[in-house]
Amino acid sequence: MSAVADSHEHHGPPPIHYSSRVSPSVLGMFLFIASEIMLFGSFFTVYFFDRVVNHSFGGHWPPPGFHRPAYVAGVNTLILVTSSFTMHWADSSIKKGNRAGLQAGLVLTLLLGLTFLLTQVIEYHRLGFNTGDTSFASTFFGLTGLHGAHVFVGLSILAVMTVRAFRGHFSPEQHHGVEIGGIYWHFVDVMWIVVYVTVYLL
Amino acid sequence: MRNPVRSEADAFRFVLLTVGYFALIVIGSVIDVWVGLAVFVALTVGAVWWVLARRGRSAPPVRQAPAPSPPDEHRILVVANETVGGAELLETLRGRVAGRNARVLVVCPALNSPLRHWASDEDDARDAAQARLDASLAAMRSVGLTAEGEVGDGDPIQAIEDALRTFRPDELVVSTHPPGRSHWLERGVVEKARERFALPVTHVTVELP
């Protein structure tokens, strides 16, 4: 038996072993979700602290003189939930090679998102109170405004996706951009449902 | 590990579940605050139970049978880490290769801490595994064993699977510390290897001083 003991020589940085690492996309998604949970969690913590611990409003929530426009926000919720359906339609269409469906789905999603954001801005103007009027107003604008910022980011992503869809960048084999943008849009939708139920209804 | 939201379709289903979850809570709250609270608790406990039950029902591992090695060669895959240079392991290998045209591949998993694993910081772990491997190959050489070696994945089962793709062994030798001291035995590595790989598996216990 020949005595050849060889431990594969390697110079430079260690060779890539993907199996020994967390997939970059998985790690990225988890880090992103974790950061968003912490961000929204901090706002919700302030909101519930104010609502449960702060007794300066005499046990009333919202404080006397403040009105939460639950009906308008409810219509806005329907708009946003509908936009998730159109987003899903767009993604399903490109998987089947239906580019017209993709384009129509993205345009509709973009329009519904814009409608949501514009409705929220108009609602802000009609509320009758501002950010500095009590802690209730601060937490109300904080939570809904934070979500509005996420909608704005989502709309920017959707706009890029739509332009790319009309330029023919996506195909049944290559539509990663639609998948990732869609996941973000659905996340924005989920967060709004939590915000709406918590801030407007309960 | 499985990412629960791997596609747009997964995320869309999550939206629908969220709508249903909060709709039921709101309906309960409209009836009475305590009903709403009860619905919230029931749905949340149910969701947690469902997630945990699904984790327990994961698909059984696929039994893998690597392509056979050349007929005139007997290949042995050795997976060991701290016990890689142990006398018991060397003795077992000498018995296995005696009178055969044998080829031995030693795989040293690059054991890493969970935090470093998640940060993909594995350089130190790989360096340490490489050092152990070099020392063990030298020990094998000193007793007349022919062996090759490589650093493998931090998960020993994954390391075996990786090696199967390139080495095609006829048998597998897993070396561990004795029961009570071995993390691998606690995690059932030997049982999992026997369950997953269609190969004769020998378990060697090494008592290190």
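Residues numbered from 1 in each chain as written. Chains lettered and ligands numbered in written order. Predicted model: local features only at pLDDT ≥ 70, side-chain atom pairs only at ≥ 80, totals over all residues.

**Here's the deal with the overall build of chain A**
Heads up, the condition is: Numbering of helices and strands runs from the N terminus; a helix is a DSSP stretch of H or I covering at least four residues, while a strand is a stretch of E covering at least two. Counts of 20 or more other C-beta atoms within 10 Å of a residue's own C-beta define buried residues, counts of 12 or fewer define exposed ones, and intermediate counts define partly exposed ones; C-beta atoms are placed from the backbone. Each residue is represented by a C-beta atom placed from its backbone, and any two residues with such atoms within 7 Å are regarded as in contact.
Each helix and strand counted, chain A has five helices and one strand in total. Of the regular secondary structure in chain A, the N- to C-terminal order runs β-α-α-α-α-α. A total of 202 residues make up chain A; the buried ones form 24% of that total. Within chain A, contacts between residues at least 6 apart in sequence are counted, and of these 77% link residues at least 24 apart.

**Quick word on the overall build of chain B**
Scanning chain B from terminus to terminus reveals eight helices and five strands. Sequence-ordered secondary structure for chain B, helices as α and strands as β, is α-α-β-α-β-α-α-β-α-β-α-α-β. For chain B, buried positions account for 31% of its 209 residues. Residue pairs at least 24 apart in sequence account for 72% of intrachain contacts in chain B once pairs closer than 6 positions are excluded.

**What to know about the environment of H186 of chain A**
Structurally, H186 of chain A is set in helix α5 (residues 176–201). H186 of chain A sits 101 residues away from F85 of chain A along the chain, and the two C-alpha atoms are 9.4 Å apart. Contacts of H186 of chain A, omitting those with residues within four sequence positions, involve S84 and M87 of chain A together with A11, F12, F14 and V15 of chain B.

**A short note on the nonpolar core**
For the record, the criterion: In plain words, the nonpolar core is the set of buried Ala, Val, Leu, Ile, Met, Phe, Trp, Tyr and Cys residues that C-beta atoms within 7 Å link up.
Counting residues in each nonpolar core, the largest one holds 36 residues, and the members touching the most others are V78, V106 and I160 of chain B. Mapped by element, the contributors of at least two residues to this core are β1 (74–79), α3 (87–97), β2 (102–109), α5 (123–142), β3 (147–152), α6 (156–167), β4 (171–176) and α8 (189–196) of chain B. With five residues, α5 of chain B is the largest single contributor of residues to this core. Not counting chain neighbours up to four residues away, the residues in contact with I160 of chain B comprise L77, V79, L172, A193 and F197 of chain B. Grouped together as the second largest cluster of nonpolar side chains are 25 residues, A90, F140, V188 and W192 of chain A included.

**Things to note about helix α1 (residues 8–31) of chain B**
Let me state the cut-off plainly: Expected helix span is given by 1.5 Å per residue-to-residue step, counting one fewer step than there are residues.
Look at α1 of chain B: 35 Å from first C-alpha to last across 24 residues, which is about the 34 Å you get at 1.5 Å a residue. Turning to α1 of chain B, its buried residues are E8, A11, F12, V15, T18, F22 and I25 of chain B.

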